[in-house]
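Each chain, letter by letter, is given below.
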Amino acid sequence: MRRLGIHSFVWTGGQTQEGLEMALEKSAEHGYRTIEFAYLKPELFDLDRLAKKARALDVEIGVTMGLPLSKDVSSEDPNTVAGGKQMLKDAVAAVRDIGGNKLGGILYSAHTKYNAAPTEKGWMNSAEVMNEIGDLGHRNGVDIVLEVVNRFETNLINTTAQGLKYLEDCGSEHVRLHLDTFHMNIEEANSAAAIRLAGDRLGYFHIGESNRGYLGDGQIDWDRIFDALVDIDYARDIVFESFSTTIVDEALSLACGIWRDTWAANDPLAEHARQFIEMKWAEAKRRHATNARP
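Throughout what follows, the structure given in this document is the object of discussion.

Conventions used here
Here the residue numbering is sequential within each chain, running from 1 through the sequence in written order. Whole-chain, interface and lining totals are the exception, using all residues; otherwise, since this is a predicted model, local features are given only for residues with pLDDT of at least 70 and side-chain atom pairs are given and counted only at 80 or more. Each side-chain value is derived from all of the structure's non-hydrogen atoms; neither hydrogens nor water enter the calculation. Comment: elements are numbered from the N terminus, with helices defined as DSSP H or I runs of at least four residues and strands as E runs of at least two. Residue count minus one, scaled by 1.5 Å, sets the expected span of a helix. Partly exposed describes any residue whose relative accessible area lies between the buried limit of under 20% and the exposed limit of over 50%, with all areas from a 1.4 Å probe on protein chains only and scaled to the type maximum. Contact between two residues is taken to exist if any of their heavy atoms lie within 4.5 Å; hydrogens are not considered. A pair of strands counts as paired when DSSP detects no fewer than two bridges linking them. Axes, fitted as lines to C-alpha atoms, cover a helix only where it is in contact. Angles between the N-to-C directions of the axes lie from 0 to 180 degrees. Roughly parallel means an angle under 35 degrees; roughly antiparallel means over 145; roughly perpendicular covers 65 to 115; every other angle is labelled oblique. Here a crossing is taken to be left-handed if its near helix is turned anticlockwise relative to the far helix by less than a right angle, and right-handed if that turn runs clockwise. Just to be clear on terms, a salt bridge is a Lys or Arg side-chain nitrogen sitting within 4 Å of an Asp or Glu carboxyl oxygen. Place the viewer so that the strands point away; then a crossover is right-handed whenever the path from the first strand over the helix to the second strand goes clockwise. Polar here means any residue outside two lists: the nonpolar Ala, Val, Leu, Ile, Met, Phe, Trp, Tyr, Cys and Pro, and the charged Asp, Glu, Lys and Arg; Gly therefore counts as polar.

Side note on helix α3 (residues 78-97)
1) Next: Look at α3: 29 Å from first C-alpha to last across 20 residues, which is about the 28 Å you get at 1.5 Å a residue.
2) Next: When we look at burial in α3, the residues that qualify are Thr80, Val81, Gly83, Gly84, Met87, Leu88, Ala91, Val92, Ala94 and Val95.
3) Next: Along its buried surface, α3 packs onto α2 (47-57), β3 (60-67), β4 (102-110), α4 (120-139) and β5 (143-147).
4) Next: Where α3 ends, the next residue or the one after it, glycine 99, has phi of about 80°, a positive value.

Regarding the side chain of asparagine 150
1) Next: Within the secondary structure, asparagine 150 sits in the loop between β5 and α5 (160-170).
2) Next: The contact partners of asparagine 150, leaving out residues within four places of it in the chain, are Asn158, Phe182, His183, Ile186 and Glu187.

Details of the sheet that holds strand β1 (residues 4-7)
1) Next: Spatially, the eight strands close up into a barrel ordered β1-β2-β3-β4-β5-β6-β7-β8, and their pairing is parallel. The mean inter-strand angle of the sheet, taken between neighbouring strand axes irrespective of direction, is 30°.
2) Next: Looking at chain direction, strand β6 (residues 175-180) and strand β7 (residues 202-207) are connected through four bridges and run parallel. Counterpart to histidine 178 in the pairing with β7 is tyrosine 204.

Details of the packing of α5 against helix α7 (residues 191-198)
1) Next: α7 packs onto α5 with a crossing angle of 15° between their chain directions and a minimal axis gap of 9 Å. With respect to α7, the axis of α5 lies roughly parallel. Between α5 and α7 lies a crossing of right-handed hand. For the pair formed by α5 and α7, the contact residues are Thr160, Ala161 and Leu164 on the first element and Ala194, Leu197 and Ala198 on the second.

Quick look at the pattern of salt bridges
1) Next: Enumeration over the complete set of coordinates arrives at 25 salt bridges.
2) Next: Arginine 212 is the salt-bridge partner of glutamate 241, the closest N and O atoms lying 3.4 Å from each other. Pair noted here: glutamate 241 is in the loop between β8 (238-240) and α9 (250-256) and arginine 212 is in the loop between β7 and α8 (222-231), with a separation of 29 residues, a long-range link. Each of the two residues, glutamate 241 as well as arginine 212, counts as buried.
3) Next: A salt bridge links glutamate 283 to lysine 280; its shortest N-O distance comes to 3.5 Å. Here glutamate 283 pairs with lysine 280, and both are found in helix α10 (residues 266-292), just three residues apart, close to one helical turn.
4) Next: Here the residues in one salt-bridge network are Arg2, Arg3, Arg33, Asp58, Glu60, Lys102 and Asp237, joined through shared partners.

Section: the pairing of β7
Looking along a regular strand, one sees the side chains alternate between the two faces of the sheet.
1) Next: Within β7, six of the six residues are buried, which leaves it mostly tucked inside the rest of the structure.
2) Next: Pairing of β7 with β8, which is carried by three bridges, proceeds in the parallel orientation. In the strand pairing of β8, histidine 206 is matched with valine 239.
3) Next: Handedness of the crossover joining β7 and β8 through α8: right-handed.

Topic: unusual backbone geometry
1) Next: Backbone geometry places aspartate 58, a non-glycine residue, at a positive phi of 55°.
2) Next: One can find aspartate 58 in the loop between α2 and β3.
3) Next: With a phi close to 60°, aspartate 233 is a non-glycine residue in the positive phi region.
4) Next: In this structure, aspartate 233 sits in the loop between α8 and β8.

Remarks on the packing of α3 against α4
1) Next: It is at 10 Å that the axes of α3 and α4 come closest, and there the two elements cross at 20°. By the angle class used here, α3 and α4 are roughly parallel. As α3 packs across α4, the resulting crossing turns out to be right-handed. Between α3, through Val81, Lys85, Leu88, Lys89 and Val92, and α4, the contact on the second element is made entirely by Asn125, Val129, Met130, Glu132, Ile133, Leu136 and Gly137.
2) Next: Counted by class, the contact of α3 with α4 contains seven nonpolar, two polar and three charged residues.

What follows is the structure in structure tokens.
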């Protein structure tokens, strides 16, 4: 694990400059060394000010997003694909300008529940765009990481195996996978095996409980998850993600199906998550060292 992080939605809905600065401060206060923001429109925020504050706090910034249907790069419509490609280019520039190091999320399709399976042409349209975005990200010092999410949020990449096939078709060595335990719990037959399958193509990792609440209060087998991460020598960021309607806006609540809250107070949630992840990581490292002894 390189840095332990937290999603800004634990602290703020992300609608104001003040809210984002507060999220940086709260993350640092709780011992997190990276923060994840949703897509930041440059015309709405002072990116330079956010970058300076993050550097002062020694907190790195990553950004995740999902494309709207009107800019779906997995569409068969060339104008829609072109609009999505431009949105992704703009996002890479925004991450660069804020001093961020990664752009992730559902970059390869719209963030929505589709009514049909993807077409071969749509799949390849998306892969071709991502090849270009991967290279653009590399030139700008921004890692491109594609989040594998459940069937209700995309129709394109729901499993690690699908993600690896997509990377093969994309062809850029600068694009990696972004796995998330919440989504893996729904889609993977064996989450630990999926992590091992991803191996060195795993570029970013989300920690989230099966009910989006307190870690350890759901059904995920955390020992197996962390054992797999240690086994593949995972050395990139791990970020805790959890949503509550007490923080995020209605649009995100609808997109992610946040129909009931599993927490209301964010400070104890954040403190518990950091302690839980650090504990499980340390336990897995000890098990790995013990098993490696002759």
